[in-house]
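Observations on chain architecture
The residues making up each chain are set out below.
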Amino acid sequence: MYTVLNSSTDETYHRWDAEAMARCGKRLGVTVEQQSVPASQVMTKALRMASSKSLPDVVQFDASEMPVFAEAGGLVDLRTLGLSTEHVPDGIVDFGSYRGTYYGAARSVNTLALFYNKTVLAEAGVRTPATWDELREAARELTRGKRYGLALSAGGAEDGVFQFTPFMWSNGGDERELDSPEVVEALDFWKALLKDGALSRSTVNWTQADVNDQFMAGSAAMMINGPWQVETLNSDPGLDWGIAEIPVPEAGADSVAPLGGAVLTVPRTGDDGRQHTAGRIVACLTSEKEQLTYALNSWMVPADERAAAEWRSQVPELDALADQVAAARSRTAQLGAGWPAVSLALQSAFQSALTGQSSEAALKRAQQRATSGN
């Protein structure tokens, strides 16, 4: 029997994964079972299992965490196990790589987009915003009574950092220089939305799930969120929503959002035979057909270009999301295992800047924290 450690604790995701593993197991003549733990526990459980030499055959890591395990020498180069990246875009190959070595194969990827309530925008005569100026104006215009124009997550967790990166990157900012004018300007833009009253003051406490709740309750006309919310959005037949790329500082600029999602890795167990079979399991789970099935279930975008083209034809309403993925980049591409320190530093900066401190001072402190490690 072969085991896959993942974070598919949600009943539907657990079932989809079980069905995919059963299909691949049958194809390969082996039994594949999943062991699911909450996403926040995958890394700690994998490290604990490594120290007790009881690692599973495949581990599905969040791509932002994978470099930590790779840096410790705990993963096998997937290319040595016969996995090809021929039909995988460079950005997604980078997403699963650490220092140029391909350790993690993605079945699907996700990113953020601007979701909007079509009915509310139409009634207000507001066009879907494409630039920061248009977003600020639309958010002000759509703020009425108990309804805010926009909802986003600036909470003290990775959710908030994930949501800030499109503003930072699209403005030319860089995670290696958090106190640069470009990053300061991006955080100042968030502050301006808050000052306008177009963002709730609770935004500093909200997760992405909270943001979706606000949008579905009619308490926000627009939101920044991802495709993992689509299933919930569709549960309300009276909600007419649309998506667009995240607005950019100036017309014509690229909207650069973060790639999100998980990658399938093969840990070093010392058993070459099992590692090669594990590689075949990963290859099957990330095959074009399995990617399309998984992506259509989960509303994510397939990593394989051929599967992604077919996905676009089947869910044209999510076309903007596929466009956003095409320009998206990995959070760990620049810093690898150094990303978590930057993420923690940014989380503190949001809390400070959105509750009164200047963006410049908050980000200067964040840069010091990121480089000193405390």
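Look above for the structure.
Residues numbered from 1 in each chain as written. Predicted model: local features only at pLDDT ≥ 70, side-chain atom pairs only at ≥ 80, totals over all residues. Heavy atoms only, no water.

Overview of the overall build of the protein chain
Counting its regular elements, the protein chain contains 16 helices and 12 strands. Against the compact-globule benchmark of 21 Å for 374 residues, the protein chain has a radius of gyration of 21 Å, which places it among compact chains. In terms of overall dimensions, the protein chain has C-alpha extents of about 60 × 50 × 35 Å along its principal axes. Taken over 374 residues, the protein chain has a buried fraction of 54%. Here the contacts in the protein chain between residues at least 6 apart in sequence split such that 73% fall between residues at least 24 apart. (Helix = DSSP H or I, 4+ residues; strand = E, 2+ residues; numbered from the N terminus. Rg over C-alpha atoms; globule rule 2.2 N^0.38 Å. Buried < 20%, exposed > 50% of the residue type's maximum accessible area, 1.4 Å probe, protein only. Contact = heavy atoms within 4.5 Å.)

With respect to the state of the cysteines
Counted under the stated rule, the structure contains one disulfide. With a sulfur-sulfur separation of 2.1 Å, Cys24 is cross-linked through a disulfide to Cys284. Judged by the sign of its S-S torsion, about -85°, the bond between Cys24 and Cys284 is left-handed. Placement of the pair is Cys24 in helix α1 (residues 11-28) and Cys284 in helix α11 (residues 272-285), with a sequence separation of 260 residues. Residue Cys24 is classed as buried on the basis of its relative accessible area of 1%. (Disulfide = S-S within 2.5 Å.)

A look at the pairing of strand β3 (residues 58-62)
The buried fraction of β3 is high, at four of five residues. The pairing of β3 with strand β11 (residues 262-265) spans four bridges and is antiparallel. Among the inter-strand pairings, Val59 is bridged to a residue of β11, identified as Thr265. (Pairing = 2+ DSSP bridges.)

Some points on a negative patch on the surface
Taken together, the side chains of Asp133, Glu134, Glu177, Asp179, Glu182, Glu185, Asp188, Glu250 and Glu360 make up a negatively charged region of the molecular surface. Broken down by secondary-structure element, the contributors of at least two residues to the negative patch are α6 (132-142) and α8 (181-195). A total of three residues in the negative patch trace back to one element, the largest contributor, which is α8. Positionally, Glu182 belongs in helix α8. Judged by relative accessible area, Glu182 falls into the partly exposed class, the value being 31%. (Patch = residues over 30% accessible without salt bridge, like charges linked within 9 Å, V, L, I, M, F, W, Y side chains within 5 Å. Areas by Shrake-Rupley, 256 points an atom, 1.4 Å probe, with all protein chains shown as cover. Salt bridge = Lys/Arg side-chain N within 4 Å of Asp/Glu carboxyl O. Lys, Arg positive; Asp, Glu negative; His and termini not counted. Charge placed at Lys NZ, Arg CZ, Asp CG, Glu CD.)

Considering the packing of α6 against α8
Relative to each other, α6 and α8 sit at 15°, their axes nearing to 10 Å. Compared by their axis directions, α6 and α8 come out roughly parallel. As for how α6 packs across α8, the hand of that crossing is right-handed. Together, Trp132, Leu135, Arg136 and Ala139 of α6 and Glu185, Ala186, Phe189, Ala192 and Leu193 of α8 make up the contact between the two elements. Of the residues belonging to the contact of α6 with α8, the class tally is seven nonpolar, no polar and two charged. (Axes fitted to C-alpha atoms, helices over the stretch in contact; angles between N-to-C directions. Parallel < 35°, antiparallel > 145°, perpendicular 65-115°, else oblique. Left-handed = near helix turned anticlockwise from the far one by under 90°. Nonpolar A, V, L, I, M, F, W, Y, C, P; charged D, E, K, R; others polar.)

Description of the nonpolar core
Soluble, globular proteins show a tendency: their nonpolar side chains are buried together. By size, the foremost hydrophobic cluster in this structure holds 71 residues, and its most contacted members are Phe61, Val109, Phe115, Trp241, Trp311 and Leu318. Looking at this core element by element, the count peaks at five residues for α11. When neighbours within four sequence positions are excluded, Leu318 is seen to be in contact with Val230, Trp241, Ile243, Trp299 and Trp311. Counting residues in hydrophobic clusters, the runner-up holds 50 residues, among them Leu135, Leu187, Ala198 and Ala244. (Core = buried A, V, L, I, M, F, W, Y, C linked by side-chain atoms within 4.5 Å.)

Regarding helix α9 (residues 208-216)
For α9, the full list of buried residues reads Gln208, Val211, Asn212 and Phe215. Viewed end-on, α9 has its buried residues packed into an arc of 100°, placing them on one side of the element. Contacts from the buried residues of α9 go to β7 (113-117), β8 (148-151), α7 (158-170), β9 (220-225), α10 (230-233) and β10 (241-244). With a side-chain oxygen lying 3.3 Å from the backbone nitrogen of Ala209, the N-terminal cap of α9 falls on Thr207. (Arc of directions from axis to C-beta. Polar contact = N/O pair within 3.5 Å; in protein donor to acceptor, adjacent residues only side chain to side chain.)

Remarks on helix α12 (residues 288-298)
Quick reminder: α-helices carry 3.6 residues per turn. Residues three or four places apart thus point the same way. Of all the positions in α12, only Glu290, Gln291, Leu292, Tyr294, Ala295 and Ser298 are classed as buried. Considering only its buried residues, α12 is in contact with α1, β6 (108-109), α11, β12 (301-302) and α13 (305-314). One or two steps after α12, the chain reaches Trp299, where phi turns positive at roughly 70°.

Some thoughts on unusual backbone geometry
Backbone phi values are negative for most residues with the exception of glycine, while trans is the configuration of most peptide bonds. With a phi angle near 50°, Arg99 is a residue other than glycine that sits in the positive phi range. Mapped onto the fold, Arg99 is located in the loop between β4 (97-98) and β5 (101-102). The exposed category is assigned to Arg99, whose relative accessible area is 71%. Even without being glycine, Trp299 reaches a positive phi, approximately 70°. Tracing the sequence through the fold places Trp299 in the loop between α12 and β12.

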